[in-house]
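# Geometric and topological summary
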Amino acid sequence: MAKCKTDCIERPLALAFAKLGCFVGRYPSVFILVAICVAAVLGAGFMFLKEMKANDIEDQFTPVNGPAKMERAIVVENFPQSEEFSQLRLVSEGTYASLIITDLHGKNIFTEAAFKDIIELDRQVKSLDIGHTFENLCAKTKGRCISNAILDILNYKATKVVSSVITYPMNNGIFLGASIGGVELKPNSSEITSAKAVRLFYFLDEQKTNETSVWLNGFLKLLSNNTEQKMVHVSYFTSVSRQNELETNSKSVIPLFSFTYFLAITISVMSCLRLDCVRTKVWVATFGVISAGLAVLASFGLLLFCGMPFAMTVASAPFLILGVGVDDMFIMISSWQKTEVDKEVEVRLAETYKEAAVSITITTLTDVLAFYIGLLTPFRSVQSFCMYTSTALLFCYIFNITFFGACLALNGKREKGNRHWLTCMKVPEAIGDDNVCCAGGAYDKVTHKEFEMPVDSFFKKYYGPFLTRVWVKMLVCLIYAGYLAVSIYGCFHIQEGLDLKHLAADGSYVGDYYDNDDEFFFNFGPNVMLVIKDEHFQYWNPTARKSLDLCLENFQNLTMADSDIPPISWLSAYMQFGLHAGFNLDNETQFKSHLSAVLNRSGFRQDLNFTNNQIHASRVFIQTVNISTAIDEKNMLNAFRETAVECGNLQPPVDLIVYHPAFIYFDQYAVIISNTIQNIVVATCAMLVISLLLIPNPLCSLWVTFSIASVIVGVAGFMALWDVSLDSVSMINLVICIGFSVDFSAHISYAFVSSEKSSANEKVTDAVNKLGYPIIQGAMSTIAGVVVLAAAKSYIFRTFFKIMFLVILFGAVHGIVFIPVFLTFLGTCCKSDERKQNLTEYTEVTVCTNFKQVSQDQCPDSEYELK
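Residues numbered from 1 in each chain as written. Predicted model: local features only at pLDDT ≥ 70, side-chain atom pairs only at ≥ 80, totals over all residues. Heavy atoms only, no water.

## Some points on the state of the cysteines
Under the defined criterion, the tally for this structure stands at two disulfides. Covalent S-S linkage joins Cys 138 and Cys 145, the inter-sulfur distance amounting to 1.8 Å. Taking the sign of the torsion about the S-S bond as the criterion, the disulfide between Cys 138 and Cys 145, at about -60 degrees, is left-handed. Among the residues examined, Cys 145 registers a relative accessible area of 19% and is labelled buried. One disulfide in the model links Cys 551 with Cys 647; its S-S distance is 2.0 Å. Disulfide Cys 551 to Cys 647: torsion about the S-S bond roughly 95 degrees, handedness right-handed. Of this pair, Cys 551 sits in helix H20 (residues 542–556) while Cys 647 sits in helix H24 (residues 630–647), and the two are 96 residues apart along the sequence. (Disulfide = S-S within 2.5 Å. Buried < 20%, exposed > 50% of the residue type's maximum accessible area, 1.4 Å probe, protein only. Helix = DSSP H or I, 4+ residues; strand = E, 2+ residues; numbered from the N terminus.)

Shown next, in the form of structure tokens:
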């Protein structure tokens, strides 16, 4: 087949890195000192960490320009908060404390003994005095604190619970669906016979922020120490609980950092350890990990200096950076060990850079670009993570080719002097590859290279030839087909949305409250606000009212709307008043003349923006039912918004929006899939372009792109089977997947097309011989960097581990199994031997540039051109 090459960028880049390697090898101390100074100066940015923390749940985990936020702005503009509190009309969740009380043995809660405990608990909460009493801070209507309807019905007497007739969900016009759960009714009746749970709310004045915050903390302390109730189990929650738990979560991961770095150093040292006391790479491995740490310090400090918000999700980034940095370190060490030991250190480092730096550059570019593309997502938590991680990866790359390269050069000087790795004392040169602690520095006298490690021999003598057998290739193709089938199956079972209880740690009181809420109060969903925002809508016009009635009927006919509970409508109440009073409300003048007085008496005044004799906006409420899962929430949101659009198509049109505070969080369903697909498509195209530019064969570049798609499908499918939902947290990891799925396949593909072997099978064997062990090392080190997160008590960090584990596992399998086999189907697909020979001669003789002679031949005092 014709040989096609796209090495116009890769070729000069390799030569440029060779020159850089020579320069670093000549002045290693300078590069080490400069790198440390830069890290120290930029690291001072950590002094701003506290003020840059951004853990607000709504700001970080909901879409930046979500429709619900714009709908909320319309509601706030038209319906300012009234002094008369109404839970139904809250624009936000409000400031509150809440209790869910269940029977200790899961039986009927409607017993006298249980309600004695409930009433006593209510008394304790209301008498709680933390500088301010509940009476001083409570939300009020008509001068009285908002009370709990179920206790009002019983007149705070436990004995009445047995004798009273309580209907459900409406009791004398009072809605009890949010107060009583797990209800059983009499046959063909709405009378309650038993219930499993009772919920109490304690709403506070939102204007008294500081005082209510102190009181809520006192409430949490009271309930956490409460052991007086003998007949009931109590779960509790406040409006600040999620936020507090999220901030606690971010702190819980800090102790894992030290263990992670210790583990990474241990694995790096063990994988680079040799019996030869001179050739062992103990210090190189240690400084490779330190290099990654310096990159995190410098990059994070720089962004903190620049005022970049530090979200909770960023706390997992250092674990990732450590794994990537160590991965690149292994590639460089592998290339160093394949250079001739009797050459000058500068030349050896130049050859190392020429061989490894381009490969590292490809993977760094793809990783960094993938994360920068992640900035397109509408979630600030994802944006913050992507900005910090991409910048840290860039710094990790810079520190690898400067600081770590300099450390490699110093270690090379020690090796050239045949000095002991620990004492730096000269030791006798060992003969052969059998060494003891008193002698070392042995190398292959034929190739003038270090002796191969046993693992390298395994890939060269056994694994490579085994992988290129015909029956093995067929088996690999069958395994891949099975992998793809399971992955696609999993993709069709992905769940969407972030469950808010997952923002709290395992075992938190928040999780207990949400579990009880899901179990006992799933029958009724939010009471959705329908806001008619058209100030030209003629409420007095019978035709317009008929159009509005038809619109409300469409909402009532939705499967998730309660058709048994009529809409809460000021207009219906007003029309009933006009009918009984004998007013002609079809007349605009009469309609407006009585409006204010009637609404003030009926309690609907907050539902109408009526100023200067003009109705600017109004609202009604629809009760929803059976909203228990993320799918239900998504379907409800979509159905209500679609129905609102249909109302705008009526004649005359009813221009309205739908809103509920929970919609702020439900908005994630509208964008999560589309944004994930957008990021994947854009990033994959960008990866293809980079691969085409830097891997000198277009077909091999296409295989790299194929690997990206394959790993993404695998990760998405298997994460669904591992109970991980598609949300703003897992979206971060899918962004990671885009970049990291390139790494292993890019290394192998570049080694394949760089090989001087003639046949495709020989090229694959040569490629896995060069990079098989570094890929295994890199995969192990990256997994080691995040494995401690598996023990974290936070869903966010455990999700990060799960997906990173899948990404690295599937990426490594693609790199050393699937892609090598698929590459053998391409034919030779390589660079010309002449070009390879010219590049090799250039590197060995002329890489010294203008500095000084570094090889045995005399270098002229000018830069060399390729032959």
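## Side note on the layout of surface pockets
There is about 1,000 Å³ of room inside the second largest pocket. Those elements that place two or more of their residues in the lining of the second largest pocket are helix H14 (317–337), helix H15 (345–373), helix H17 (454–467), helix H28 (728–754), helix H29 (760–786) and helix H31 (833–846). Tallying contributions element by element places H29 first for the lining of the second largest pocket, with six residues. Of the residues assigned to the lining of the second largest pocket, the class counts are seven nonpolar, 13 polar and 20 charged. (1 Å grid on protein atoms, 1.4 Å probe; cavity = no way out; pocket = protein on both sides within 12 Å on 5 of 7 lines; lining within 4 Å. Points joined across faces, edges and corners; volume = space filled by probe spheres on them. Nonpolar A, V, L, I, M, F, W, Y, C, P; charged D, E, K, R; others polar.)

## Thoughts on the side chain of Thr 705
Within the secondary structure, Thr 705 sits in helix H27 (residues 698–721). Residue classification places Thr 705 among the buried positions, given a relative accessible area of 13%. When sequence neighbours within four positions are dropped, the list of residues in contact with Thr 705 reads Thr 684 and Leu 688. (Contact = heavy atoms within 4.5 Å.)

## Thoughts on the sheet that holds strand E7 (residues 180–181)
If you trace the four strands from one edge of the open sheet to the other, you get E7-E10-E2-E11, paired in antiparallel fashion. The open sheet has two free edges, formed respectively by E7 and strand E11 (232–238), since each of these has just one partner strand. (Pairing = 2+ DSSP bridges.)

## As for the packing of helix H1 (residues 10–26) against H15
For the pair H1 and H15, the least separation of the axes is 7 Å and the interaxial angle reads 135 degrees. Our classification of the angle between H1 and H15 gives oblique. As for how H1 packs across H15, the hand of that crossing is right-handed. Residue-level contacts link Glu 10, Leu 13, Ala 14, Phe 17, Ala 18, Leu 20, Gly 21, Cys 22, Val 24, Gly 25 and Arg 26 of H1 to Glu 346, Leu 349, Ala 350, Tyr 353, Lys 354, Ala 357, Val 358 and Thr 361 of H15. Of the residues that constitute the contact of H1 with H15, the class distribution is twelve nonpolar, three polar and four charged. (Axes fitted to C-alpha atoms, helices over the stretch in contact; angles between N-to-C directions. Parallel < 35°, antiparallel > 145°, perpendicular 65-115°, else oblique. Left-handed = near helix turned anticlockwise from the far one by under 90°.)

## Remarks on the pattern of salt bridges
For the structure shown, the criterion picks out 23 salt bridges. In this structure, Asp 59 and Arg 380 form a salt bridge, with 3.0 Å as the shortest nitrogen-oxygen distance. One end of the pair, Asp 59, is in helix H4 (residues 57–61); the other, Arg 380, is in helix H16 (residues 380–416), and 321 residues separate them in sequence. Owing to a relative accessible area of 30%, Asp 59 belongs among the partly exposed residues under this scheme. Residues Asp 607 and Arg 619 are paired through a salt bridge, measuring 3.1 Å at the closest nitrogen-oxygen approach. A residue pair is termed long-range when its members are at least 10 positions apart, and Asp 607 in the loop between helix H23 (595–602) and strand E15 (608–611) and Arg 619 in strand E16 (residues 614–625) qualify at twelve residues. In this structure, a network of salt bridges that share partners links the residues Arg 279, Lys 281, Arg 348, Glu 415 and Glu 450. (Salt bridge = Lys/Arg side-chain N within 4 Å of Asp/Glu carboxyl O.)

## Description of the packing of aromatic side chains
Per the counting criterion, the structure on display carries 55 aromatic pairs. Both rings, one in Phe 237 and one in Tyr 514, keep their centres 5.6 Å apart while their planes meet at 70 degrees; by these two values the pair is edge-to-face. Here Phe 237 is found in strand E11, whereas its partner Tyr 514 is found in helix H19 (residues 509–520), with 277 residues between them in sequence. Take Phe 237: its relative accessible area is 3%, and that puts it in the buried class. Its relative accessible area of 12% is what places Tyr 514 among the buried residues. (Phe/Tyr/Trp six-rings, centres within 6.5 Å; stacked < 30°, edge-to-face > 60°.)

## So, the nonpolar core
Judged by nonpolar contacts, the single largest core of 265 residues is most densely connected at Leu 99, Phe 110, Phe 555 and Trp 570. Not counting chain neighbours up to four residues away, the residues in contact with Phe 110 comprise Phe 115, Ile 150, Val 161, Ile 166, Ile 180, Ile 192, Ala 195 and Val 198. (Core = buried A, V, L, I, M, F, W, Y, C linked by side-chain atoms within 4.5 Å.)

## Some details on the confidence of the model for the protein chain
On average, residues of the protein chain score 85 in pLDDT, and 93% of them reach the 70 mark or higher. The lowest-confidence element of the protein chain is H31, averaging 44 in pLDDT; the highest-confidence one is helix H2 (residues 28–43), averaging 96. Confidence drops under a pLDDT of 50 for residues 828–867, and excluding neighbours within four residues, the segment shows 86 contacts in the predicted structure. (pLDDT = per-residue confidence, 0-100.)

## Here we look at helix H10 (residues 209–224)
For H10, which comprises 16 residues, the first-to-last C-alpha distance of 23 Å matches the rise-based estimate of 22 Å (1.5 Å per residue) to within 8%. If you check which residues of H10 are buried, you get Thr 212, Trp 215, Leu 216, Gly 218, Phe 219, Leu 220 and Leu 223. (Expected span 1.5 Å × (residues − 1).)

## Focus: the packing of helix H13 (residues 282–305) against H14
Where H13 contacts H14, the two axes come as close as 9 Å, and the packing angle between them is 135 degrees. One way to sum up the angle between H13 and H14 is to call them oblique. Two packed elements cross with a definite hand, and for H13 against H14 that hand is right-handed. Each of Val 284, Ala 285, Gly 288, Val 289, Ala 292, Val 296 and Phe 300 in H13 lies in contact with H14, whose residues at this interface are Ala 317, Pro 318, Ile 321, Leu 322, Gly 325, Val 326, Met 329 and Ile 333. Split by residue class, the contact of H13 with H14 holds 13 nonpolar, two polar and no charged.

## A word on the pairing of strand E10 (residues 197–204)
With eight of its eight residues buried, E10 lies for the most part within the structure. Burial along E10 is two-sided: Ala 197, Arg 199, Phe 201 and Phe 203 and Val 198, Leu 200, Tyr 202 and Leu 204, pointing in opposite directions, are all buried. Looking at chain direction, strand E2 (residues 95–103) and E10 are connected through eight bridges and run antiparallel. From the neighbouring strand, Ser 98 faces E10, where its bridge partner is Phe 201. Looking at chain direction, E7 and E10 are connected through two bridges and run antiparallel. Considered in E10, the bridge of Ile 180 is made with Val 198.

## A look at a nonpolar patch on the surface
A surface patch of nonpolar side chains, amounting to about 390 Å² of accessible area, comprises Phe 23, Tyr 27, Val 30, Val 34 and Val 38. Of note, Val 30 is situated in helix H2. (Patch = residues over 30% accessible without salt bridge, like charges linked within 9 Å, V, L, I, M, F, W, Y side chains within 5 Å. Areas by Shrake-Rupley, 256 points an atom, 1.4 Å probe, with all protein chains shown as cover.)

## What about unusual backbone geometry?
When glycine is set aside, most residues are seen to have a negative phi, and most peptide bonds are trans. Residue Pro 169 is bonded to the preceding Tyr 168 through a cis peptide linkage, with omega at 5 degrees. The topology assignment puts Pro 169 in the loop between helix H9 (160–163) and strand E5 (170–171). Within the chain, Cys 424 stands out as a residue other than glycine whose phi angle is a positive 60 degrees. Here Cys 424 shows up in the loop between H16 and H17.

## Let's talk about the environment of Ser 190
Locating Ser 190 in the fold gives a position in the loop between strand E8 (184–185) and strand E9 (192–194). In contact with Ser 190, other than residues within four places in its own chain, are Ile 166, Thr 167, Tyr 168 and Leu 185.

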